[in-house]
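Here are the chains, one letter per residue:
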Amino acid sequence: MCVNTVLLLYGQGSKVTESKVAGKEDKDAVLPVTSKDFAKYMGETVNFLTDYLDNSDRYPVTTDKLPGFLTDSMPQEAPLNAHKFEDIMQDLKSEIIPGLTHMQHKRFLAYYPAGCSYPDVIGSVLAAGLGVCGFTWDGCPALAELEHLMVNWFGRALNLPEAFLFQGDIKNSPGGGSIQPSASDSILMSVYAARFAKIKENFRKNADEADVLKRLVGYSSELAHSSFQKACNLAMVKAHLVEADEKFSMRGAALETRIKEDLANGLIPFHVQCTLGTTAICSFDNLVEVGKIAKKYGLWFHVDASYAGSAMICPEFRQFAKGLEAANSININPHKFFLQSVPQGFIWTRDQNALKEAFKINASYYTQYHDGSIDARDWGTALSRPFYGVRLWILFRLYGISGIQTFIRRLVSHAALFERLIQQDRRLEVVGKRVLGLVGFRIKAATRSEGNLLTFGFAEYINQSHKLLVTSADLKGTRICRICTTHERSNEADVQESWKMIQELLEEFLKKTGDLNLDELSVAMENDEHV
């Protein structure tokens, strides 16, 4: 994207804009920041951001600051009088930037991607600047309509079954979806919806509501993200984790065994969640098998595809979604692998009425004047929502599907390069099957416990160098180091540079293993709360 275009957006070099701003000076005189100030400050902000994003590798990936570095050094109360913008930007550079984890750094290889792109920055500014809020269709029609449109644009770009999309008359369409802040919100929605439906089903049988609630149980793989357990805690239902197989996948037989045990103990199964792209190793649960078991026992079947789902925009990465058509709902986070910044998550369902029933509420001030419309307030716990849809709309318009496909394929190819480089190092071994942008590996050792300690210690050693950031994870009792390719602007030379640093750090670390306190390392690993 041309930076000059962005500068023009904020009035830089535009006589028309300058004249309009000048004409408003009298009206803006009472404002601490006038229209003319705004145009100037935004131009300076754009210059700062483009320089930061183009040169983020001038910083260490992580900070060496300690807790309290900012809260103790900054004033404890907000300023009474306005500060100069240049002073604010100087404080940003000197006080805040040094304390960042630079997630747009070429050697940020941890977690999953934290999306960022120039189109998303433009969309975020437009969403904030337009200053609209969506809760009912009548509250802001364009916000509601664009969100519905993006649910379908995104869904069709990923080749989701049409049953999950809005069809014709949106209000009476069986399928549909909405934009949520995150996967955690979407997963919580699915758990609440399933709980509501199961309690209502048993209530018709004259069952006691409190008795039903305490017996409800939901299921996920032992490798599912912790947000599922959090959702179950909030819903006050039990969460049972199903053991994954040797390929780190939840299978139908293992799920059914657990369901039968729970039924025998008087519990009521009501929900099951599959994961496409687990956090620890990017493995995939078996949707076909789990879908059949969910149908057999009357469970709400949800699919968490937070990371891997976005890759389905490329036809070659759709094979892991076989069986998706049986799901009741699915969520995907564009802010992981789709160039959108946090927060942004999508949820789709084959039955929007069932998903929304637990959240529907009415009040006199929500008067609806137009038939055939649906309200954002019915999709989740939040009433008000920002103009989420404009961000993805800008991305699709400026990149096109083909541009996004190129980006995803490039990151996957970088992960494949990392995998080949790791395989060439006799001291290391790849763990699991690499499918997308995540590679798991560990240090070879005589025993698994020794390998676990060395791998965990090496991940910590890498991170303490501040040269790169990786994530350590426990995978069914095996400790691994995760590398995830995340950077939109990276190339193969950057991968080679990161690998060279990893090898140098590995050489240093292995030379120091004789000095390691293995007991302390073991305690640290047991207390580790990483992914």
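Definitions and limits used
Residues numbered from 1 in each chain as written. Predicted model: local features only at pLDDT ≥ 70, side-chain atom pairs only at ≥ 80, totals over all residues. Heavy atoms only, no water. Helix = DSSP H or I, 4+ residues; strand = E, 2+ residues; numbered from the N terminus. Rg over C-alpha atoms; globule rule 2.2 N^0.38 Å. Buried < 20%, exposed > 50% of the residue type's maximum accessible area, 1.4 Å probe, protein only. Contact = heavy atoms within 4.5 Å. UniProt positions renumbered as here; feature names shortened; annotations may be inferred. Core = buried A, V, L, I, M, F, W, Y, C linked by side-chain atoms within 4.5 Å. Domains from an automatic or database assignment. Pairing = 2+ DSSP bridges. Axes fitted to C-alpha atoms, helices over the stretch in contact; angles between N-to-C directions. Phe/Tyr/Trp six-rings, centres within 6.5 Å; stacked < 30°, edge-to-face > 60°. Salt bridge = Lys/Arg side-chain N within 4 Å of Asp/Glu carboxyl O. Expected span 1.5 Å × (residues − 1).

### What to know about the overall build of the protein chain
So, step 1. Helices and strands together make up the secondary structure of the protein chain, namely 18 helices and 11 strands.
So, step 2. Relative to the compact-globule value of 24 Å for 531 residues, the protein chain shows a C-alpha radius of gyration of 25 Å, a close match.
So, step 3. Overall, the protein chain is about 75 × 70 × 45 Å in size when its C-alpha atoms are taken along their principal axes.
So, step 4. Among the 531 residues that make up the protein chain, the fraction classed as buried is 51%.
So, step 5. The contacts in the protein chain between residues at least 6 apart in sequence include a share of 73% that link residues at least 24 apart.

### A few points about the UniProt feature "modified residue: N6-(pyridoxal phosphate)lysine" (unreviewed entry) in the protein chain
So, step 1. According to UniProt, the "modified residue: N6-(pyridoxal phosphate)lysine" (unreviewed entry) feature falls on K336.
So, step 2. Positionally, K336 belongs in helix α13 (residues 334-337).
So, step 3. Residues within four places of K336 in sequence aside, it is in contact with Y112, P113, S306 and Y307.

### Focus on the nonpolar core
In a soluble, globular protein the nonpolar side chains are often hidden away together inside.
So, step 1. Ranked by size, the top nonpolar core spans 93 residues in total, and within it W348, I408 and L436 carry the most contacts.
So, step 2. Each of domain 1 (132-386) and domain 2 (397-529) contributes no fewer than three residues to this core.
So, step 3. Apart from the residues lying within four places of it in its own chain, the contact partners of L436 are C282, F284, Y307, A308, A311, F317, F320, F337, V412 and A415.
So, step 4. If you look at the next biggest cluster of nonpolar residues, it comprises 26 residues, including L109, F441, C481 and L505.

### Quick notes on the sheet that holds strand β2 (residues 216-221)
So, step 1. Judged by pairing direction, the sheet is mixed, and its 7 strands sit side by side in the order β1-β7-β6-β5-β4-β2-β3 without closing on themselves. The open sheet is flanked by β1 (176-180) and β3 (238-242), the only strands paired with a single partner. Taken pair by pair, the neighbouring strands of this sheet meet at an average axis angle of 20°, ignoring direction.
So, step 2. By the bridge criterion, 3 bridges tie strand β5 (residues 300-304) to strand β6 (residues 329-332) in an arrangement that is parallel. By the bridge assignment for β6, D304 is matched with N331.
So, step 3. Its contacts with the sheet place helix α8 (residues 183-203) against β1, β2, β4 (268-275), β5, β6 and β7 (345-349), and it is angled at close to 155° to β4.
So, step 4. Against the sheet, helix α12 (residues 287-297) engages β4 and β5, with an angle of about 155° to β5.

### Some remarks on the sheet that holds strand β10 (residues 471-475)
So, step 1. Taken in spatial order, the 4 strands of this open sheet run β8-β9-β11-β10, and their pairing is antiparallel. Each edge of the sheet is formed by a strand with only one pairing partner; in this case those strands are β8 (428-431) and β10. Sheet twist, expressed as the average angle between the axes of neighbouring strands with direction ignored, equals 40°.
So, step 2. With 4 bridges connecting them, β8 and strand β9 (residues 438-443) associate as antiparallel partners. The residue of β9 that forms the bridge with E429 is R442.
So, step 3. Running at roughly 20° to β9, helix α17 (residues 492-511) makes contact with β8, β9 and β11 (478-484) of the sheet.

### Describing the packing of aromatic side chains
So, step 1. In total, this model carries 17 aromatic pairs according to the counting rule given.
So, step 2. Taking 4.5 Å as the distance between ring centres and 20° as the angle between the ring planes, the aromatic pair formed by F284 and F320 counts as stacked. In this pair, F284 sits in the loop between β4 and α12 while F320 sits in the loop between β5 and β6, placing the two residues 36 residues apart along the sequence. The exposure classification of F284 matches that of F320, with both residues buried.
So, step 3. Taken together, the ring pairs in this structure connect W153, F154, F338, F346, W348 and F396 into an aromatic cluster.

### Examining the pattern of salt bridges
A side chain of one charge can pair with a side chain of the opposite charge if their charged atoms are brought near each other.
So, step 1. Counting across every chain of the model gives 23 salt bridges.
So, step 2. Salt-bridge contacts for D211 lead to R215; the nearest nitrogen and oxygen are separated by 3.1 Å. Residue D211 and its partner R215 are both found in helix α9 (residues 209-215); the two are separated by 4 residues, about one turn of the helix.
So, step 3. Close ionic contact of D245 with R251 constitutes a salt bridge, the shortest N to O distance being 3.3 Å.
So, step 4. Overlapping salt bridges, with partners in common, bring together D211, K214 and R215 in one network.

### Section: helix α16 (residues 448-465)
So, step 1. Relative to the 26 Å expected for 18 residues at 1.5 Å per residue, α16 spans 26 Å between its end C-alpha atoms, a close match to the ideal helical length.
So, step 2. Listing the buried residues of α16 in full gives G451, N452, L453, L454, T455, F456, G457, F458, A459, Y461, I462 and N463.

### Here's the deal with the side chain of E419
So, step 1. Here E419 lies in helix α15 (residues 388-423).
So, step 2. Other than its neighbours up to four places away in sequence, E419 contacts V430, R434 and V439.

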